[in-house]
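# Structural description and commentary
If you want the building blocks of each chain, they are given just below.
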Amino acid sequence: MAITVPNVVKVTGSGVTTVTTSGVTTTTGSTFTVSSTADFGVTINTPTDSKSNTYGALGTSQVDDTSALRMSVFYKENGTGGTGHTATVTYSGSTYPTVYFSEVSGAATASYDSGSLAAATDNNGSPHDVTSGTFAQANNAVLTWVACDGGGTRAYSCSGFTVSQETDGNNYWTGATGYKLVTATTAQLASWVDSSTRGLMKIVAFKEAAGGGPTTTTATAAAGVATVSGVGSSRAATGGSAAGTATVSAVARATAVTTATAAAGSATVSAVGAGVNATAATAAAGVATVSAAASSNAAASGSAAGLAAVSGAGASLAATVATPAAGTSVVSGVGSTVSAGQTDAVPAAGSATVSAQASSIAVTSAVPAAGSSTVSATTAGGEVEQQLSYSAPSKRRERRYNYDYSSPKAPEVAEPAKAPVKAVRQKAKKSIPADLVEMLGLIEASQSVTAQMMAERAEETKRIQALQAEEDEMMAVIACCL
Amino acid sequence: MAVFLSRASQQYAARGNPYTINATIPNGVTVNSIRVTLTREGWPVGAVGTVTLNFPDGATAGFGFDGGDIPIKGGGGVLAASSCEFSRSDIDGNPIAFPVGSYSLAFKVLQTARTAVTVERF
C-alpha cells in the first residue's frame, strides 16, 4: 500500500483543559501524529488515544519570542488503529488550543526519518519557512505544522502541500498542518503563508513501507499486451507500447499519466484521483481512450484510427479534443461547471458525439465530414435537455436536422424527413407546459431551425433567380431568332 | 450554522453520573463541524466538569474545563464561555461529514455550576 495521509482530524478549544478529537476509522500499522497549540505558559502533555498507543515527542516544544504561543508535536509509529479512533490532549491549565490528529497509512514500521526533522521560529512575518533535512529514502509522506500568533481571521497556505487549517484567531491559537508525498530524497521546503508576524514551524518525513508503491514505468511488447499500472500516490506511469494492447493506468492523487502507444490494437490512458492529468493515448489503429475521473483533472487528447474517446468526470473539468482519423470520437464531461465538448469532436468519417451532464453546460459542435453527429445536453438527473443530431449530407439539399424534446429519458433522434419545422412546432406545443426552461430551449431550437430554413430559402431564391436569369436569356435569344 | 441542541441556563449539581441531553440531526443535513458551548457563570475555581459528545455511529469527542476567572485569548477580559469545535478532513483536505441521527451530550459535573448549553452544527 502506498503511503498517504487519509485522515486529518481537528479539534479546537476555548478555555479548556482537555480536548478529545472526534472519532475516525484508522488502520493498524499506520503512523499517527498529534499536534497542539496552546498558551506559552501552559504545558501540553503527551497525548493519549483510544487505542492505547504510546506517543513520543517529535522534537521539542516550541515557543515564540514574545512568550505568547506554544506548539508541540507527537508521533506514534506502527500504531494500533480501528474504528472510533480518538486522541486526547490535556493541558496544565485553561488554554485555547488547535489540535490535529493525523494518520499516515502505508508507512514503514519504523517510519520516522529523524534526519528529516527540522523546526524553525520566525518573527519576521510571512512566509514562515522551514526546510527539512534530506530523506533517508525516496518515497515518503512529508508532514509540516505551523502555529501563528495573529488574532482575527487567519488564512494559511503552503505551496505543494495539502493543508488543513484553523482560521479563528479570536478564539484559538490557530495553526495548520499540511502534507505532501514525495518520491525523491531531496529536502523539502514548507513555506507557510499567513499574515501573522510570528510563526512556529516544524517539518518531518515518514518513510513508506518497502514495496508500498509501483516502480514499474515502462512495458514494451513486440506483440501481445503491454500493461503499465500504478496504484498509489505520487506515481508516474509513463510509457507502454505494444503491437497488441498498451495500457497505462494510475489510481492515485498527484499522479501524472502520460503516454500509451499501440502500433495496433488499443491504447488506454486512465487516471483516477485528484490532481491527475491524463494526457495522450495514441493508437495507430484500434481504440485510444483517455479518461480522467476526479476534480481538477484535465483529460487532453486521444487519437486513433478507430475510436478516440476523451472523458472527464468531476468538477472543473475540461474535456477537450478527440480526433480519430476514422471511426468514432467521443468527448464527454460529467460534473458541475463542466464544459464538455466546448471544443470539438471531429472525425474524418464515422460518427462524433459531444455530451455533457452538469448544471452548467456548454456543448457546441460535432461535425463529421460524413456519417452522423450528436450533441446532447443532459441534466444532473439524467434528463435530456436538448439533443441535436446531424446527418452529413450526400448532397447539400439532402441535409436533415432532427430534434427531440418529447421524452427526456428516451430521446428519439430520428424525425420524419418531411417538414421538420412543422414537426418541431407541433412538439413544442405539446411540451410547453413542462416548464419555462424547456420552453426556452424549444424557442431557441426553433429559432435555430428557422435560421436554417431561412438560409435554405435564401439558397432556393438564388437558384430560382438564376433560373429566371437563364429563362430571360433564353427569351432574349428566342426574340432575336424571331 | 444552526443550533441543534440548546438548554437555557440552569444550575447543575455535582454528581457522579453525567447529565445527558439528546438531540437529532435529521437526514439530508450535511454537518462538517460541531461546536459545543457552555457559558461560564461564576464557576468555582478548579476542575468543574467534562463534556462528552456521543455520535450516532458510536464515536465520541469531548473536552474538559476548569472554573475561576480565566483571561480571554491574548488577555483583555474574562472568558464568558468555554467551547470546543470538532471537524475532520480527508486525503484531499475536504471535510468529512458527521453522521446524521441521534446525538447525546453527557455533561459530567465535578463542582456545582450554572451554565447554558448550546450545540451548533456547521
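Residues numbered from 1 in each chain as written. Chains lettered and ligands numbered in written order. Predicted model: local features only at pLDDT ≥ 70, side-chain atom pairs only at ≥ 80, totals over all residues.

Along the backbone of chain B there are zero helices and eight strands. Along chain B, helices (α) and strands (β) appear in the sequence β-β-β-β-β-β-β-β when read from the amino end. With 122 residues in all, chain B has 33% of them scored as buried. A sequence separation of at least 24 residues applies to 74% of the contacts in chain B between residues at least 6 apart. (Helix = DSSP H or I, 4+ residues; strand = E, 2+ residues; numbered from the N terminus. Buried ≥ 20, exposed ≤ 12 C-beta atoms within 10 Å, placed from the backbone. Contact = placed C-beta atoms within 7 Å.)

This brings us to the sheet that holds strand β17 (residues 199–208) of chain A. Residues and elements named next belong to chain A. Spatial strand order, β10-β17-β12-β15-β14: five strands in an open sheet with antiparallel pairing. Looking along the sheet, the strands with just one partner apiece sit at the ends: β10 (107–122) and β14 (162–165). Going from strand to strand, the sheet's axes swing by 15 degrees on average, the running direction of each strand aside. Of the pairings in the sheet, the one linking strand β12 (residues 139–148) to β17 comprises nine bridges and is antiparallel in character. Note on β17: the bridge partner recorded for Val142 is Ala205. (Pairing = 2+ DSSP bridges. Axes fitted to C-alpha atoms, helices over the stretch in contact; angles between N-to-C directions.)

Moving on, we come to the environment of B:Asp69. Structurally, the position occupied by B:Asp69 is in the loop between β5 (60–66) and β6 (81–89). Residues B:Asp69 and B:Trp43, 26 residues apart in the sequence, show an inter-C-alpha distance of 7.9 Å.

This brings us to the pairing of β17(A). Residue and element names in this part refer to chain A. With 10 of its 10 residues buried, β17 lies for the most part within the structure. Strand direction decides the pairing type here: β10 and β17, joined by eight bridges, are antiparallel. Paired with Asp122 across the strands is Gly199, a residue of β17.

Residues and elements named next belong to chain A. The omega torsion across Ser126 and Pro127 is 0 degrees, close enough to zero to call that bond cis. Assignment of secondary structure puts Pro127 in the loop between β10 and β11 (128–131). A positive phi is found at Ser52, a non-glycine position, where the angle reads about 60 degrees. By secondary structure assignment, the location of Ser52 is in the loop between β4 (48–49) and β5 (56–57). Notably, Asn78 is not glycine yet its phi reads approximately 45 degrees, a positive angle.

Another point: the interface of chain A and chain B. With 34 residues of chain A at the contact, the number on the chain B side is 26 residues. Put simply, the parts of the chain that give the side of chain A that touches chain B at least two residues each are β1 (4–14), β2 (16–20) and β14 of chain A. Of all the elements, β1(A) adds the most residues to the side of chain A that touches chain B, at 11 residues. Here the residues of the side of chain A that touches chain B sort into 13 nonpolar, 19 polar and two charged. Here β1(A) pairs with β6(B) via seven bridges, running antiparallel. Paired with A:Val8 across the two strands is B:Ser89, which belongs to β6(B). (Nonpolar A, V, L, I, M, F, W, Y, C, P; charged D, E, K, R; others polar.)

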